[in-house]
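# An overview of the molecular structure
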Amino acid sequence: MFVRTESFKEFLKFYPIVSCLVAIHFLLWLCIDILQLPIAMQILREGIGNNYLVGQGEYWRLLSPIFLHGGFAHALFNSFSLVLFGPALEQMLGKTKFILMYVSAGIAGNVGTYLMAPNAFYQHLGASGAIFGIFGVYLFMVLNRKSLIGSANTQIVMVIFVLGLFMTFSRPGINVWAHLFGLIGGFAAAPPLLRNARPFSIWQNRAKFANRESKDISFNPNRWSKGSSPVKKYGKYVFWGIIIFLIALAFVR
C-alpha cells in the first residue's frame, strides 16, 4: 500500500492527481527559485500565506500556499511524502474525491493558522497541511474502517502519525496549526469520502489499464511479475530505513 512497486510510466497512468501535484511543486520551485521569472515571483508574492492580508480580504491566500514551497528541500520532502502516501488514497477515493480531500484539508490548515493568529504578518507556505489531511483520512480508517487498511498498514500509519506529530512540535519553523488543522480536516472529511471505498490493490489499476489497452487479450496478473522483483523483496526494508532516517533527522538541529 505504501511501498511503491510501479514503474514510472505506470505511476503516471495510475495516479494522475498525485503526479500533477508533484509536477506543480517542482515547476513552481524551478520558476521561482532558479529561473526567478517575473510572473513566478508575482505568484509567490500574491500567493504566499499571510494572516493579516487574509484578514484584509485576500482570501485566495487560504488556498494558494498549498502549492508553494520555501526551497528545494521543502518541496522535495513534501513531494516525497505525497508520492509515498497519496497513491493508495487516490485509487481508493477516485480522482475527484481525492482532489476535494487534498484541497479542503490544505485550506483547513490555513484557516486554522488564520484563526489562531488573525493579525499576524508572518508568511507561511507549503503542502504540509494537505498532506496531514491524507494522514487524517488514514487515521480515520485505522479507528473506524479497519477493513480498508489491514493490520500491517495500520502499524505504518500509527508510526507515521506519531512521528509526524513529534516533528511538528520539535522542529523549528514548522506551521504547527496548519499540520493540526489539516489533520483534523482530513479526518472530518473521511466518513463521506470513504463511504463506497474499497481497499487499495495495484492489480486493480493494472487490470483496468490492461483492459483499456487490449480488450482482446485476457488479463494475466503474472505478466508483470517475472521472478521476485527487488523492489517487492526489499521495499519494506527501504521504507522502514526511511522512517528511521526521519526519526534521526528529527533529533538533529
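Residues numbered from 1 in each chain as written. Predicted model: local features only at pLDDT ≥ 70, side-chain atom pairs only at ≥ 80, totals over all residues. Heavy atoms only, no water.

Let us look at the overall build of the protein chain. Helix and strand counts for the protein chain come out as 11 helices and two strands. Mapped from its N terminus to its C terminus, the protein chain presents α and β elements in the order α-α-α-β-α-α-α-β-α-α-α-α-α. By the burial criterion, 45% of the 253 residues in the protein chain qualify as buried. The contacts in the protein chain between residues at least 6 apart in sequence include a share of 78% that link residues at least 24 apart. A total accessible area of about 13,400 Å² is found for the protein chain, and carbon and sulfur atoms account for 66% of it. (Helix = DSSP H or I, 4+ residues; strand = E, 2+ residues; numbered from the N terminus. Buried < 20%, exposed > 50% of the residue type's maximum accessible area, 1.4 Å probe, protein only. Contact = heavy atoms within 4.5 Å. Areas by Shrake-Rupley, 256 points an atom, 1.4 Å probe, with all protein chains shown as cover.)

The next point concerns the nonpolar core. Membership of the largest hydrophobic core comes to 47 residues, with the highest contact counts inside it found for Tyr-102 and Tyr-138. Counting residues per element, the ones that place at least two in this core are α1 (8-14), α2 (16-34), α5 (72-93), α6 (95-116), α7 (128-144), α8 (151-170), α9 (176-193) and α10 (202-213). The element best represented in this core is α7, accounting for 11 residues. Ranked by size, the runner-up nonpolar core spans five residues in total, among them Cys-31, Ile-32, Ala-40 and Leu-68. (Core = buried A, V, L, I, M, F, W, Y, C linked by side-chain atoms within 4.5 Å.)

Turning our attention to empty space enclosed by the protein. A complete count under the given rule lists one cavity of 30 Å³ or more for this structure. Its volume calculated, the largest cavity comes out at about 30 Å³. Lining of the largest cavity is provided by His-25, Leu-28, Trp-29, Ile-32, Asp-33, Phe-67, Leu-68 and His-69. Split into classes, the residues belonging to the lining of the largest cavity amount to five nonpolar, two polar and one charged. (1 Å grid on protein atoms, 1.4 Å probe; cavity = no way out; pocket = protein on both sides within 12 Å on 5 of 7 lines; lining within 4 Å. Points joined across faces, edges and corners; volume = space filled by probe spheres on them. Nonpolar A, V, L, I, M, F, W, Y, C, P; charged D, E, K, R; others polar.)

Roughly 880 Å³ of internal volume is contained in the largest pocket. The wall of the largest pocket is formed by 42 residues, among which Phe-77, Asn-78, Ser-128, Ile-174 and His-179 lie closest to the centre. The element contributing the most residues to the lining of the largest pocket is α5, with nine residues. Looking at the lining of the largest pocket residue by residue, the classes come out as 25 nonpolar, 16 polar and one charged.

Further remarks concern a nonpolar patch on the surface. Nonpolar side chains collect at one region of the surface, where Leu-30, Ile-34, Leu-35, Leu-37, Ile-39 and Ile-43 lie side by side and expose about 520 Å² of accessible area between them. At the level of elements, α2 and α3 (38-47) are the ones that each hand at least two residues to the nonpolar patch. Structurally, Ile-43 is set in helix α3. Under the relative-accessibility criterion, Ile-43 is labelled partly exposed at 39%. (Patch = residues over 30% accessible without salt bridge, like charges linked within 9 Å, V, L, I, M, F, W, Y side chains within 5 Å. Salt bridge = Lys/Arg side-chain N within 4 Å of Asp/Glu carboxyl O.)

Positionally, Asn-175 belongs in the loop between α8 and α9. According to the relative accessible area criterion, Asn-175 is buried, its value standing at 18%. Every residue in contact with Asn-175, bar those within four places of it in the chain, is listed here: Thr-113 and His-124.

By convention here, two paired aromatic rings are described through the distance between centres and the angle between planes. All told, the structure shown has 12 aromatic pairs when counted by the stated rule. Both rings, one in Phe-11 and one in Tyr-15, keep their centres 5.1 Å apart while their planes meet at 65 degrees; by these two values the pair is edge-to-face. Tyr-15 matches Phe-11 in its accessibility class, with the two residues each being buried. Ring plane angle 25 degrees and centroid distance 6.2 Å describe the contact between Phe-98 and Tyr-102, whose orientation is recorded as stacked. One end of the pair, Phe-98, and the other, Tyr-102, are both in helix α6, four residues apart, so they sit about a helical turn from each other. There is no split in this pair, since Phe-98 and Tyr-102 are both buried. Members of the aromatic cluster, joined through ring pairs, are Phe-2, Phe-85, Phe-132, Phe-135 and Tyr-138. (Phe/Tyr/Trp six-rings, centres within 6.5 Å; stacked < 30°, edge-to-face > 60°.)

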